[in-house]
Structure formats: structure tokens, C-alpha cells
Amino acid sequence: MTSFALRAQTLKLQRAARYAALGFAAVAVAFMVVWVLFIGRGTTFGSAVHDPKDFLITLLNGITAAALYFVVASGFTLIFGLMRVVNMAHGAFFLLGGYIALTLQRRWVGQGGGFGLTSEQVNLTNWILPALIGAALVGFVGVAMQQTLLRWNQGQELRQALITIAISIIAADQMLAHFGGVAEDVAWPHKLDQFDNLHVSGIIYTRTRLFILALALVIGALLWVWLKRTRIGMVIRAGVDDRQMVSGLGINIQLTFAIAFFVGSALAGFGGVIGGSFASLAPGVDGNWLLNSLVVVIIGGMGSLGGAAVGSLLLGLTTNFASAYLPSNYTYYSIIFTFVLLAIVLAVRPLGLFGRPA
Amino acid sequence: MSGRVTPDRVVGVGALGVAVLAPLLFSPYWVSTLLTETLFLGIVGASLVFLSAYGGMVSLAQVALYGITGFVLGNVVTNGNTKGLNLGWNPWLGVVLGIAIATAVALLLGALSSRSTGIYFLMITLTYGVIANLFFGQVTDFSGFGGISGIDAPAGIGPVTEHPNRLYYVALGVSIAVYALLRYIVRTPFGLALQGVRDDPVRMSSLGYNVMLHRTLAFGLAGFIASLGGVLFVWWNGHIDPASIDLGAMIDVLIIAVIGGLTRVEGAWLGALLYVLMLNYLPSITFLGSIGITQDRFHTLIGVVFLVIILVSPNGLIGLWERTLKLLGSSRSARPAVDAPSGGADV
């Protein structure tokens, strides 16, 4: 057989495999939707038709979880999109932001009781100011890392990824030394730590989750305006497409890189403050958030802001629906569905839903 | 391949001689703990280096595959754990099942990620690894956080506490076999095509080679090798839990591969030896203790060592060795183009 005929056959096989994957993915997704909506046998709540209230709550949980995924992953994808740097220290930056805010808040308000501060002791500024300072400091840490270690290795993608892995090991170990191994959390302000009646099916929902959603929408909108409507955003987008051409035009691309690294790292730090208030800060949390960011950008497509939004939404809905709508004896298998989501996207669109070839 | 005497070969044969005679040369603690650990970590590291050097794929999922073997083996052979399947079957059946399942999983994961290389591959395999870690942590049917205890090596090899040298020699034999297998594979038509795929996938594809199939098979082979390391690990340790395959463990194996050098398979065992020695001896150096680096801060230290190696010698210690030879003007040490992966994982 000539190599040409072989090639044609290979192509045909690949196309067949692709259609098979697509078909399988479509059937799997359809089954999951039908299961949640109409069957739901053996699950805690039963199907959506049977119990619309808990279905809506799960939906809201998924969307609000996605909001936090987006805040963190948008920073990751911004850095990658512009510099092709996979910042494996993103999870460590998340944790660092949370710990800085926690320390500041306790310095300011007091140590609180045995379980730390309660929300009654904390007002709005006691949360916002530490959060902003934490995010900004993490932004500076990110820029410092970029300038001292990554800048002179530009273009060596794997080496840069390994450098950030080394930083993440050191950072995680130092945080363990300074902040201990006990899980701690940043206190929400009293005004946010409330419940709201949504007047839909009588759902009473936590205000903090709605606040996270609002924050994510604001951050997403600001990022969009920044990237699409400002001069520096224009330079960043041009840099994503053709770095050399941008510097050839006399634009200081290194300054742009530093700014993007600041914003990207600060978003991880800010996400860490939110995550540390919403859940808790402990060793190991950094790895989980690195995983979340990676899954979001692999699904959504590296370097795409819209992709990060869609990827976050898919991941948030998948994790929440999987743990709520698996038969109650099997809820601990929910982690499988994160993998299934990843596998389906990789099988159908290897570069992610909105990914473009480099 | 003539029988020329090169510095590489002298060192290689010398190392092999020392390894064979190790039980006579070193204390039982060295052999049963440090050197056995070196050998199985080296095997896992070698699976990573093989993928990186000959396939251009840096995988962080090798620890997950070695863990899958360990958990399958643990579930199949033990009886009386509070969690897990407690099947209590024949130990050799456990070995076969563990290796077979891990290899099958590796083929599946390889097929899924076969359209990616480089940092994309690194990211995708990292997610596989973390998901495997969380899976075994959450699913109490197979493990749960406590893990599986009391996994004994089969009669003839174990009990490990009574016959530490036996497990050492098994690990040494497996290491040599793995090394020979990899050296052989990269010279077969498959291995040559794999290197072609690494260097120029588009050209290989237009020549009629199935790029994705080559990557998938390479990942499956690396998974098989990692699973051999997994069997040795659980026999040595007697216990496996999700912490054995967490993010830290994944990065440890990456560190081993990078210390040795991502371009040559033998570097993995060198990296593993250094890693194990650092793990055991660095904290006891009093100077380090006086500047606050104690056993608890071992990871800061290993992180710094890792960082320095990436910054100073991207090809690890093997890279330093090759550079030294070149400086000495020993052009004979230049190896045939076949296994000098130039376009491999560019670190």
C-alpha cells in the first residue's frame, strides 16, 4: 500500500473515531439530562420534575460555584493567553491571597474565639480592605516571580512551567510553616452572612453565594471592557496574536507582560480570599484550586476569557449536579464526572471549546 | 554499536556492579530502605523520562498509574481491611490484574490526550493525576483516606521484613529489564517513528504514520512500566493510601526525572538515588538545621534544589555529565543520533 493510501485510510479511521466519540458523548449527555429531569431514582431529592425546588437550588449552587471558578481561572487564562506561561503556582497564589487577608483581618478586628472570628464581629470594610490588599500583594508576588525567574526564560514553555512548579512547592511548604496545618477561614461581613428569600418556589438562599456571583459578573465585565475597549487591552490582544510584531511596533511588551501577570496573579489571590471566606484555607487547597483552574481552561480553551466563563459554568454545574443527583449510596463517585466532562471535551475538541491552535 | 569503551559505559557497568554487590557493600538499612526505594522510584521516573525524551510528552500521570496498580493489588490480595473490596485472592493474580488494569487505563488516557504535547500534555496529565487521587480518597469501596494495609509480597519474595535482599534483587532485576526494554524499543521501527512524531508530527502524518496511535501506544507502554514500579512500591511499603499518589507525590517523581535529566532514561535512577539520599540525609546536616531547615521543611529544600537544577542545568545531572565530557574533549562520548533526543521535551 502506498503511503498516500495509508494516509487516506488513517484519515478515514480518525474521522470515524471522531464521529463515534461525538455520538457517544451526545448519548451520555442526553442520558444525564433525562436522568436529572425525569428519572432521578434513588437520589436524595428525586428528579427535577418531582422536586423542582431542590433542582433550582442545585442549579444555583452550580452557577455560584462556577462564579468562583471563573474568578480564579480567568487569571490563569489571561497569563497563559498572553505569555504562554502555564502558572502552576496559581493554586499557591490562591492560598497565599486567602492567608494574607486572614492575617490582616485578624490583626485589624482581633483573634476572635476558638474558631476564629464570627461574622457578627466583621463589617463590610473589614472584609473588603484585607481582600483588596491580599489580592494586590499576591499580584506583586506574581510580578516578582515573572521578572526574576520567568522573563529570561521566555519562549521555553516547559522550563517555565517547571519553574512555577518549584515555586509552588516552596510556597506551599512555607505557608504550612507560617500558617499551620489547621483549616481556617476568613470571616464574611455580617451584612453578607445572611439568607435571602428569592420568592421562587420558596427558596431561601445564602447571600454570600449571590455576592460571589455578583463579584464574578463584575470582574468578568471589567476584564472584558479592559481587554476589548482600552488601549492596553488592545496591546494585550495584539500580543496574544503576534508578540514580535507588537514589540516591532515600538510597544513595550515587557511592561504589558508585567501588568498582565499582576492582574492574573491578583485574581488568584482575590479568588483565594473569596474561597477562604466561602470554604476554608488549609494545606492541599492549593492543589484543588490548581486542578479547578486547569480543568476550566482545558475545557474552555487556553487563553480565552469566554472559554473560561463557559468552562467554569460546565465544571460548576457538573460537580454540583453529580453530587446531588447520583443515587445516594454512590454520591462519592461524583469526582468521576469531572473526569467524564474533561474526557468528553478532549475527545470532541482537543483544544477546548474556544481554543485556537497556538 | 561497537564494543568501544566510553566514559558512559564505564560508569554504567561500574554502577551495575555496585548495585549487584550492594548487600555486601552497604548496611541492611541502606539496601532494604534507601536502595530499594531508589529502584522503584527510578522505574516510575524512567517511564516519565521515556515519554518526555522519545515522545515529547511530559506526563504527571505516572504516579496515578502506579497508584492504580497499587490499589488494585491491595484490593485483590488483602483481606480484613475496613475499606476496600477485601477479595483475598492469589497475590500473583493481584499483580497481573493490577498491571493489566493500569495499562488499560493508560491506553485510554493516552488516546484521550494523544492530540496534545508539551505543556498541554503536562496540564492534562496533572488533572488525571489529581482526579485519581481524589477518586481513591472519596470512593471507600476501593480505598478511602485510610488506604489499604497489610499488602504482603508473595511467598518466595516476602515477607519483606525478613528477607529485605530478595525484594531488592527483584527491584534490581525489574529495573534492568525496564532499562533494556526501553533501550530496545527506541531502536525498533515503532521507537524510530515515535521520535519522528516527537520532532515533526505534521511530516510524519503526511508520510502515513498515525501520530495519535504512536502517542497512545507510547503512553500505554509508559503506564505499563509505571505499574511495575507500583507493584514494587506496595510490596515494599505494605500499605497504600491516597496520600501516596497526591500532588506532592506526582511532583516528587517529576523532580526525580528532572534532577536526572529529561533526555536519558538512565538519569531517572540517578535522580531517584539523589532524591532518596536528600530525603534521608539532608535534614540531619546540622548546618541546615541551624538556619531553620529541619525535617519538617524538607519540601522547601527540595523545591529550592529543583529550582536551581532547572535554572542551572535544564538537562539535569546527565546534562552536566555530558557537558563535562564535552569540555574534556571526549568527542567519542557522542552517542548515535537515534537516542540523542534533541527536539524532545525542551526544558
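My aim in this report is to walk through the structure given alongside it, one point at a time. Note that the coordinates shown come from a computational prediction; the quantities given were computed from them, not determined experimentally.

How each quantity is defined
Residues numbered from 1 in each chain as written. Chains lettered and ligands numbered in written order. Predicted model: local features only at pLDDT ≥ 70, side-chain atom pairs only at ≥ 80, totals over all residues. Helix = DSSP H or I, 4+ residues; strand = E, 2+ residues; numbered from the N terminus. Rg over C-alpha atoms; globule rule 2.2 N^0.38 Å. Buried ≥ 20, exposed ≤ 12 C-beta atoms within 10 Å, placed from the backbone. Contact = placed C-beta atoms within 7 Å. Nonpolar A, V, L, I, M, F, W, Y, C, P; charged D, E, K, R; others polar. Expected span 1.5 Å × (residues − 1).

Below, the discussion takes up the overall build of chain B. Along its length, chain B carries 14 helices and two strands. Its C-alpha atoms give chain B a radius of gyration of 20 Å, within 12% of the compact-globule value 20 Å for 347 residues. With respect to the principal axes defined by its C-alpha atoms, chain B has extents near 60 × 50 × 40 Å. Taken across its 347 residues, chain B has 51% of its residues classed as buried. Considering only contacts within chain B whose residues lie at least 6 apart along the sequence, 78% involve residues at least 24 apart.

Across the contact, 35 residues belong to chain A and 40 residues belong to chain B. Looking at the side of chain A that touches chain B, the elements with two or more residues in it are helix H1 (3-39), helix H5 (157-179), helix H10 (285-300) and helix H12 (335-348) of chain A. The greatest single-element share of the side of chain A that touches chain B, amounting to 13 residues, is contributed by H5 of chain A. Of the residues assigned to the side of chain A that touches chain B, the class counts are 25 nonpolar, six polar and four charged.

Between its first and last C-alpha atoms helix H9 (residues 253-278) of chain A spans 37 Å; for 26 residues at 1.5 Å apiece the expected length is 38 Å, and the two agree. Counting buried residues in H9 of chain A gives 21 out of 26 residues, a clear majority hidden from the surface.

Attention now moves to the environment of isoleucine 101 of chain B. All names here are of chain B. Mapped onto the fold, isoleucine 101 is located in helix H4 (residues 91-112). A residue is classified by how many C-beta atoms lie within 10 Å of it, and isoleucine 101, with 18 of them, is partly exposed. Between the C-alpha atom of isoleucine 101 and that of leucine 65, which follows or precedes it by 36 residues, the distance is 9.1 Å. Sequence-distant contacts of isoleucine 101, defined by excluding residues within four places in its chain, comprise Ile68 and Val72.

Geometric values such as these leave the question of function open.
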